[in-house]
Amino acid sequence: MATSPPPPPPPIMKIRQLEAFRAVILRQTVTRAAQMLHVSQPAVTRLLNDLEADVGFALFDRSNGRLQPTPEALVLFDEVERSFAGMERIAQTAEQIKSLRRGSLHIAGAPAIALDFLPITLTHFLRDHPGINTTLLVHASNIVVDMVLGRRCDVGFVAHPLTRPGLQVQPLLRVPMRCVLPKGHPLAAHDVITPEDLRGEAFVSYPTESDARLDIDRVFAEHGVDRVMNAESQLSAAICTLVEHGAGVSIIDGITASFATQRVEVRPFAPQVLSTVSAVTSLQHPPSQLAQAFVQQVRAALEARSLSTDFVHKPVDNPTQSDGKSLI
C-alpha cells in the first residue's frame, strides 16, 4: 500500500510582512498603514505582495482602487492579532524586568543582619519595586556562602570575612561590636565599657568555635581580665534575651545591638572589636540587576542606620582594634 506524501511545510512569513498586513487591516488604506509603520507606501505594497506569495492565497480584493480584506485574510488576521498580543506581553515583560518590576530574588543572610535589618530593608525594596517575588532565608555565614556557590540563592549577606574559590565578596560596612547590659545595670552609667569594667561579671558568650568569641577572648586576655562565663549562644538575638532577663552581660554585633535598645542597655566597647558586613555573590554566575540593586539598597540602609544609631566604626581613645570574624 503506497503511503501518502508528507504535507508541504507551512509558509515562512517574516515579522515585517505581518506588521504590514496588520497595519493595512487596522488602518484600512496603504497610506495610513505606511504612516503607522513609518515606511513608504511602496514598501507596504511590496511586503503585502511578498506575504501573499508566501501564503499562497489572496489577502485583499484590489477592485475599485481600494483594498478589501478577503475572508481568508480576516481568518489570518485573528491569528496575527493573538500573536501580536503575545509579543506585546513579551515587550511589556522585558520593560518590567529592565525597570526592576519583574523577577525573583532569593536572599540568604547571617542572623546578625537577617533577623531584623534585612527584613526591614527588603520591605522598603518591595515597595520601590512592586511585582517582584522574594525569598529571605537565615543561616550561619558559612552556609550562606555554600548557598551562593550552589546557586541556591542570588545574593548572600555575611557578618564576617569569608574567602572561597569562585566567591565575590563585597564589604559593605565595618561595625564595632557593642556591650549589652541588663536594664538598670550599674555599668549603664558608663559612656564606654572597657574589659576592666567587666572583671568578675557574669558573661554571656558566643560558642568557643565562633570567630567572634576568639577575638573577644583575646581582648580580655590581653588586658588580664577574667569573666564569669555564665552562658553561651551562637545567636546575638538570643544573647540579648539572656542579658535582658539577667543572665549576665555580653559583647555582641553592633547591628543586633542597635535593634535591642528597648530591651537592654547598649554601650560602646573599647578596645573596639570590628565585624564586617559583606555581600557575597558567585563569580561564575554574576548577580542579576535586581540582586545588584538590592545590594546597593542594603549598603545605603546600613550607612543610614549607622548615622542614626552611631554603630559605625569610629576611633576611640587609644583603642586596640581587632577585626571580628564572628559566626553571627
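What counts, and where the lines are drawn
- Along every chain, residues carry numbers that run from 1 in the direction the sequence is written.
- Given that this is a predicted model, residues contribute local features only at a pLDDT of at least 70 and side-chain atom pairs are listed and counted only at 80 or more, while totals for whole chains, interfaces and linings are drawn from all residues.
- The side-chain values count all of the structure's non-hydrogen atoms but skip hydrogen atoms and water molecules.
- A run of H or I in DSSP counts as a helix once it spans at least four residues, and a run of E counts as a strand once it spans at least two, with each numbered from the N terminus.
- Relative accessibility thresholds used throughout: buried, under 20% of the residue-type maximum; exposed, over 50%; partly exposed, between the two (1.4 Å probe, protein chains only).
- Contacts are assigned to residue pairs that have any heavy atoms within 4.5 Å of one another.
- Exposure was quantified through the Shrake-Rupley algorithm and a 1.4 Å probe, taking into account, for residues, occlusion by the shown protein chains and nothing else.
- Two strands are counted as paired when DSSP detects at least two bridges linking them.
- Axis definition: a line fit to C-alpha positions, over the contact stretch in the case of helices; interaxial angles, taken between N-to-C directions, run 0 to 180 degrees.
- For this classification, under 35 degrees means roughly parallel, over 145 means roughly antiparallel, 65 to 115 means roughly perpendicular, and everything else is oblique.
- Classes in brief: Ala, Val, Leu, Ile, Met, Phe, Trp, Tyr, Cys and Pro nonpolar; Asp, Glu, Lys and Arg charged; the others, Gly included, polar.
- Buriedness of a pocket was judged along seven lines, with at least five required to meet protein on both sides within 12 Å; pockets are open sets of points on a 1 Å grid over the protein atoms alone, cavities are sets where a 1.4 Å probe fits but cannot get out, and lining residues have an atom within 4 Å of a point.
- Grid points are joined across faces, edges and corners, and a volume is the space filled by probe spheres set on the points.
- Every helix has an expected span of 1.5 Å times one less than the residues it contains.
- The arc in question is the one traced by the directions running from the helix axis out to the C-beta atoms.
- Under the rule applied, a polar contact is a pair of N or O atoms within 3.5 Å (in protein, one hydrogen donor and one hydrogen acceptor; residues adjacent in sequence only if both atoms are side-chain atoms).

Caption draft 1: Just the overall build of the chain, in detail. Tallying secondary structure elements over the chain gives 11 helices and 13 strands in all. Here the chain holds 328 residues, and 43% of them are scored as buried. A separation of at least 24 residues holds for 74% of the contacts in the chain among residues at least 6 apart in sequence. Carbon and sulfur atoms form 54% of the exposed surface of the chain, whose accessible area is close to 16900 Å².

Caption draft 2: Inspection of the environment of leucine 105 at higher detail. Of note, leucine 105 is situated in strand β3 (residues 103-109). C-alpha of leucine 105 to C-alpha of threonine 134: the two residues are 29 residues apart in sequence and 4.7 Å apart in space. The contact partners of leucine 105, leaving out residues within four places of it in the chain, are Phe125, Asn133, Thr134, Thr135, Asp154, Leu290, Ala291 and Phe294.

Caption draft 3: Geometry of the sheet that holds strand β10 (residues 250-252). If you trace the three strands from one edge of the open sheet to the other, you get β10-β7-β11, paired in antiparallel fashion. Because the sheet does not close on itself, it has two edges, and the strands there are β10 and β11 (265-268). Recorded for the sheet is a direction-independent mean angle of 35° between the axes of neighbouring strands. Bridging between strand β7 (residues 178-181) and β10 involves three bridges; their strand directions are antiparallel. Its bridge partner lying in β10, arginine 178 is registered against isoleucine 252. On top of the sheet, helix α9 (residues 236-244) reaches β7 and β10; it is set at about 155° to β10, its chief contact.

Caption draft 4: Just the packing of helix α1 (residues 15-27) against helix α3 (residues 41-55), in detail. With their axes 9 Å apart at the nearest point, α1 and α3 run at an angle of 110° to one another. In terms of their interaxial angle, α1 and α3 are classed as roughly perpendicular. Contacts from Arg16, Gln17, Leu18, Ala20, Phe21 and Val24 in α1 reach Val44, Leu47, Leu48, Asp50, Leu51 and Asp54 in α3. Across the contact of α1 with α3, the residue classes break down as eight nonpolar, one polar and three charged.

Caption draft 5: Representation of empty space enclosed by the protein in the model. Inspection of every chain in the model, using the stated rule, returns one cavity of 30 Å³ or more. Looking at the largest cavity, its volume works out to about 30 Å³. Around the largest cavity, the lining residues are Ala112, Ala159, Val175, Asp253, Ile255, Ser275 and Val277. For the lining of the largest cavity, the per-class residue count stands at five nonpolar, one polar and one charged.

Caption draft 6: Geometry of helix α8 (residues 211-222). With 12 residues, α8 extends 17 Å from end C-alpha to end C-alpha; this agrees with the ideal 16 Å at 1.5 Å per step. Listing the buried residues of α8 in full gives Ala212, Arg213, Asp215, Ile216, Val219 and Phe220. One side of α8 carries all its buried residues, which in axial view fall inside an arc of 165°. Away from the buried face of α8 by more than 90 degrees, exposed residues Ala221 and Glu222 are located. In this structure serine 210 caps α8, since a side-chain oxygen of it lies 3.2 Å from the backbone nitrogen of alanine 212. Once α8 ends, the next one or two residues include glycine 224, with phi positive near 65°.

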